[in-house]
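# Examining the three-dimensional arrangement
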Amino acid sequence: MAEERTVTYLETGSQSPYYNLAFEEYVLTHRLEGDYLLLWQNDNTIVIGRNQNAESEINRAFVEAHQIRVVRRETGGGAVYHDLGNLNYSFITDAGETQALEIPRFTKPVVEALRSLGLQAEASGRNDILVNGRKVSGTAQRIYRGRILHHGTLLFDSDPSAVAGALNADPAKFQSKSVKSVRSRVGNIREFLPRDMDLPAFWSYLKQTFAGSGITPAALTPEELAQVRELEVSKYQTWEWNFGRSPQYNVTNRRRYEAGSIEPRIAVEGGRITNIVFYGDFLSASPLDPLTEALRGCPFRSEDVGAVLDRFDLRALFGGITRAEVLDVMFHIAPES
């Protein structure tokens, strides 16, 4: 982002990941001239890359227990955890020539901004920014009609236990062709600052540093905001977008309960069960074929599977293994201790 050009600065006014991603997409696809800077926050959210399998990136038990939202973005790359100790930035500008699409074009001003605060910041790998060797930022890009969106996270003062817990799915239990996230040793910018500042001060600093002297605060019109809300509801809030777009994958898990062991093996495509088999030493009195046939085509989410289970006599099918335990072994794929 060249400092001699006027930069239009926008804020979303929201901490909802569904709204914020809709807002960002709207600006990219409808504001087709000029340079834009957005600074925004998501509260208690996992954001997964466009080509990722949502289920294999998250620890569902942790996510559900902590009411963490899961949303898919339009850009590639890996899964990240956002809370209010995390600040996100978006640059939107003309794409220009092919060489201008290179990520260093956009990571350079971020690195320089951090260095100006006295931090030992550097770009690393494909799309990371490190401070003292620890990852504080991940970035991604999208092209649309000659425009480029480059956005990134900045871990300023996030909860490290939430970052670890939310993204701690067991990869051994998922076989998928999706792009897997590479976990790096993360750090918070605030802990490295020679002089402490809070997040509002950091936000203000970045706003001025990224945009330079040509910053122009602005807002979307009421008509534009209505379209943002429509996009939020029709796309970013939907299970079809966030989970249904996951690539084909297989999932397996195993639990031992008081009534016996159970091991479901599930094939999922387009977010729906295409095949499922239950193994285990539970005392089944009836064949499971009617149940497994009924589950084929069912969305792979707890409430839909639960509705199918409710149509069957589970004691006859699984002995003493309960409805809650069947759902637990199917959906709570947590790492083994």
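Our subject is the structure listed above.
These remarks concern the structure in this document. Keep in mind that what you see is a predicted model, and the values were worked out from it rather than measured. (Residues numbered from 1 in each chain as written. Predicted model: local features only at pLDDT ≥ 70, side-chain atom pairs only at ≥ 80, totals over all residues. Heavy atoms only, no water.)

## Brief notes about the layout of surface pockets
Size it by volume and the second largest pocket reaches roughly 300 Å³. Mapped by element, the contributors of at least two residues to the lining of the second largest pocket are helix H3 (60-65), helix H9 (239-242) and helix H11 (302-309). Considering every element that reaches the lining of the second largest pocket, the biggest residue donor is H3, with three residues. (1 Å grid on protein atoms, 1.4 Å probe; cavity = no way out; pocket = protein on both sides within 12 Å on 5 of 7 lines; lining within 4 Å. Points joined across faces, edges and corners; volume = space filled by probe spheres on them. Helix = DSSP H or I, 4+ residues; strand = E, 2+ residues; numbered from the N terminus.)

## Structural notes on empty space enclosed by the protein
Counted according to the given criterion, the structure contains two cavities of 30 Å³ or more. The computed volume of the largest cavity comes to approximately 50 Å³. Taken together, Leu21, Glu24, Glu25, Arg73, Glu74, Thr75, Arg142, Leu149, His151 and Tyr236 form the lining of the largest cavity. Sorting the residues of the lining of the largest cavity by element identifies helix H1 (17-30) and strand E10 (147-155) as the ones contributing at least two each. It is H1 that provides the largest number of residues to the lining of the largest cavity, a total of three residues. By residue class, the composition of the lining of the largest cavity is three nonpolar, two polar and five charged. Taken as a whole, the second largest cavity encloses approximately 30 Å³ of empty space. In this structure, the second largest cavity is lined by Asn53, Glu55, Trp239, Phe243, Ser246, Tyr249, Gly271 and Phe300. (Nonpolar A, V, L, I, M, F, W, Y, C, P; charged D, E, K, R; others polar.)

## Points about the environment of Glu191
Mapped onto the fold, Glu191 is located in helix H6 (residues 189-192). Along the sequence, Glu191 and Phe300 sit 109 residues apart, while their C-alpha atoms lie 41 Å from each other. Here the side chain of Glu191 touches Arg134 through a polar contact of 3.3 Å, side chain to side chain. Here the side chain of Glu191 touches Asn188 through a polar contact of 2.9 Å, landing on its backbone nitrogen. (Polar contact = N/O pair within 3.5 Å; in protein donor to acceptor, adjacent residues only side chain to side chain.)

## Description of the nonpolar core
In terms of nonpolar packing, the biggest core is built from 33 residues, with Leu114, Ile189 and Phe202 touching the most fellow members. Among the secondary structure elements, those contributing two or more residues to this core are strand E1 (7-10), strand E2 (35-40), strand E6 (86-94), helix H4 (104-115), strand E8 (128-131), E10, H6 and helix H7 (199-211). Per-element tally for this core: the top contributor is H7, with six residues. Residues Leu295, Cys298, Phe318 and Val329 belong to the second largest nonpolar core, which totals 27 residues. (Core = buried A, V, L, I, M, F, W, Y, C linked by side-chain atoms within 4.5 Å. Buried < 20%, exposed > 50% of the residue type's maximum accessible area, 1.4 Å probe, protein only.)

## A short note on the pattern of salt bridges
Tallied over the full model, the rule gives 18 salt bridges. A salt bridge links Glu74 to Arg50; the shortest N-O distance between them is 2.1 Å. Here Glu74 is found in the loop between strand E4 (69-72) and strand E5 (80-82), whereas its partner Arg50 is found in the loop between strand E3 (45-48) and helix H2 (54-57), with 24 residues between them in sequence. Here Asp304 ties to Arg301 by a salt bridge, and the two come within 2.3 Å at their closest N and O atoms. The partly exposed category is assigned to Asp304, whose relative accessible area is 23%. For Arg301, a relative accessible area of 22% translates into the label partly exposed. Here the residues in one salt-bridge network are Glu25, Arg50, Glu74 and Lys235, joined through shared partners. (Salt bridge = Lys/Arg side-chain N within 4 Å of Asp/Glu carboxyl O.)

## What about the sheet that holds E5?
Strand order in the open sheet formed by three strands is E4-E3-E5, with mixed pairing between adjacent strands. The open sheet has two edge strands with one neighbour each: E4 and E5. Within the sheet, the average angular offset between the axes of one strand and its neighbour, ignoring direction, is 25 degrees. As judged from the three bridges shared by E3 and E5, these two strands associate in the antiparallel manner. Residue Ile46 lies in a different strand from E5, and its bridge partner there is Tyr81. (Pairing = 2+ DSSP bridges. Axes fitted to C-alpha atoms, helices over the stretch in contact; angles between N-to-C directions.)

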